[in-house]
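# Results of the structural survey
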Amino acid sequence: MTPPLSPINFLEQAGLVHAERVSVIYQSTKFLWRETLDRCIKIASALSILGVNRGDVVAAVAPNIPELYELHFAVPMSGGVLSALNTKLDTTILASILKQLEAKVIFVDYEFVEVVHAALKTLSLAQAKLPILILIPESDQEVSCIESLPDGSLTYSSLLVMGQNDYQVVRPKDEMDPISVNYTSGSTGKPKGVIYSHRATYLNTLAAIFRFEIKKFPMFLWTVDMFRCNGWCLPWAMAALGGTNICIRNVTTEVIFDSIDLHQITHLCGAPSILKKIAEAPTKYTRKNAYKVEAVVAGALPPFEILSRVQELGFNIMYGYGMTEALGPVIVNKLCNAELSMSPKSIKFRQGIMEEVDVKDSLTMKSVPADGRTIGEVMFRSNTMMAGYLGNSEKTRKAFEDGWYRTGDLGTRLLDGCIQVKDRAVDVIKFRKEIISTLEIEAVLTSHPMVLEAAVVARPDNVNGETPCAFVKLREGCDHNVNGEEIIKFCTELLPLHMVPQMVFSYDLPVNSTGKIQKFVLREKTMTI
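Residues numbered from 1 in each chain as written. Predicted model: local features only at pLDDT ≥ 70, side-chain atom pairs only at ≥ 80, totals over all residues. Heavy atoms only, no water.

An unreviewed UniProt entry annotates the chain as Acyl-activating enzyme 1, peroxisomal of Heracleum sosnowskyi. Per UniProt, the chain carries the Pathway (unreviewed entry) text "Phytoalexin biosynthesis; 3,4',5-trihydroxystilbene biosynthesis; 3,4',5-trihydroxystilbene from trans-4-coumarate: step 1/2." Under the Sequence similarities (unreviewed entry) heading, UniProt states for the chain: "Belongs to the ATP-dependent AMP-binding enzyme family." (UniProt positions renumbered as here; feature names shortened; annotations may be inferred.)

### Overview of the nonpolar core
In terms of nonpolar packing, the biggest core is built from 85 residues, with Tyr69, Leu71, Phe107, Leu234 and Phe380 touching the most fellow members. For this core, the element with the highest residue contribution is helix α2 (residues 33-49), accounting for eight residues. Filtering out sequence-adjacent residues up to four positions away, Leu71 remains in contact with Ile43, Ala60, Pro76, Leu82, Phe107 and Tyr156. If you look at the next biggest cluster of nonpolar residues, it comprises 28 residues, including Ile248, Ile265, Ala279 and Ala281. (Core = buried A, V, L, I, M, F, W, Y, C linked by side-chain atoms within 4.5 Å. Buried < 20%, exposed > 50% of the residue type's maximum accessible area, 1.4 Å probe, protein only. Helix = DSSP H or I, 4+ residues; strand = E, 2+ residues; numbered from the N terminus. Contact = heavy atoms within 4.5 Å.)

### Some thoughts on the environment of Asp166
Along the chain, Asp166 falls in the loop between α6 (156-162) and β8 (178-183). Overall, Asp166 belongs to the exposed group, its relative accessible area being 57%. With 257 residues separating them in the primary sequence, Asp166 and Asp423 have C-alpha atoms 53 Å apart.

### Notes on the packing of helix α7 (residues 198-211) against helix α9 (residues 234-241)
One way to put it is that α7 packs onto α9 with a least axis distance of 9 Å and a crossing angle of 70°. By the angle between their directions, the pair α7 and α9 is classed as roughly perpendicular. Crossing geometry of α7 relative to α9 is assigned as right-handed. Along the contact surface, α7 presents Thr201, Thr205, Ala208 and Ile209, while α9 presents Leu234, Trp236, Ala237, Ala240 and Leu241. Residues belonging to the contact of α7 with α9 are distributed by class as follows: seven nonpolar, two polar and no charged. (Axes fitted to C-alpha atoms, helices over the stretch in contact; angles between N-to-C directions. Parallel < 35°, antiparallel > 145°, perpendicular 65-115°, else oblique. Left-handed = near helix turned anticlockwise from the far one by under 90°. Nonpolar A, V, L, I, M, F, W, Y, C, P; charged D, E, K, R; others polar.)

### Quick notes on the packing of α2 against helix α3 (residues 66-77)
For the pair α2 and α3, the least separation of the axes is 8 Å and the interaxial angle reads 50°. The pairing of α2 with α3 is recorded here as oblique in orientation. In the crossing of α2 with α3, the sense of the turn from one axis to the other is right-handed. Between α2, through Trp33, Leu37, Arg39, Cys40, Ile41, Ile43, Ala44 and Leu47, and α3, the contact on the second element is made entirely by Tyr69, Glu70, Leu71, Phe73, Ala74, Val75 and Met77. Partitioning the contact of α2 with α3 into residue classes produces 13 nonpolar, no polar and two charged.

Following this line, the structure appears as structure tokens:
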């Protein structure tokens, strides 16, 4: 009988084939792959002793430290389901998520003990069963705070001592069994729990290696959060390739460049904000004519000046398009010099390592013409998609209606085989019979020398249906040098009249825990203007 596909196999192979190669580096701590395998087996064993059975959820609130890396293997090795949670969640949202997860155990880094403890108190008031808390202290830190934690709380080191070396790893009965639950960013409302299967993560791990052009034995700097789509499946990819994980607690310009010099980093990934940190590096970090580091980002790219500066500093930029439901970026392209001068919000995506990506009419399910003009919904169909939404079978059914995953993004198909994402369906402006992309207007607004960030939303209009309304965050010191009328005039010179914002407000843009602008908040604000 063919054994089920599971990414835990990658660690078992690494522990055997690459036993003496370095697996993890964090500050002064260093592990070999055989040591990482042994530690994961012990943690899996200890979780089993604590009562974690097949299908039980184990939560974690921690930054990119070795312990969180190990949990990506140890939890599924115990038969459990890992849910690595956003470290920026507030008490209310965290309590709500923990209530839905019904986690048996929760691992908590010392930095986040206070917010987790408060969330657990909220759960206890609701008479919910509390998970066993496992504290992750710094290696040289006294564990004095353990006394103030709930009864039965343990430390990570005591869990390791509890575990047995001869523990028999729990294999999935079916490769479609869940391996993890990841939460969406909640940019359009409440975060949703997204279930990943062993099969999907195994296949997506292999796909990620090709997408990101990762060769054997990479030196990977952990700048993408492991709680985002299980770090884009890269924890498992590093084991598959026998690579070295450079774990870091905080992502700063200094840490990025020091790590590159010290460890000869080959790859780093994350949000586009990483590019801004790189571009703003002091002159002492100059890397001109140095070997190229692959920097993979997913999200709206920053302005031309930042992209150009990052390339000058010795980085190849790859940009991706995807979402939590697709296990992270599914289309990844390398940014070429010709694209540097384009609007970062109008760059094309060429289909990559995925069965099918299409732009369809959401009603007829027919592919839209490849004319660059006809708008449809971007849809995916693949073996590397989520298994569904936690506790919401109806939403899962709607998401995969007609056998395709409906992204909720609008785009066009081009003659060269690329797709161009125009906007979120919920964000577009319906001006009479025409659909206006807010992203295209935002690209013009952020090209204004005094505008740092911009968000455009639809404002109800009795005559035209909806018209554009813009909120901008000005660059520091520019508050008295520009006003809304001047920005509108600037847009008039670059946009068709019906796309020019009718109103422009200087405003602190509301963002969620992942830094995404909450447009639904801005839409509500337009109702009071």
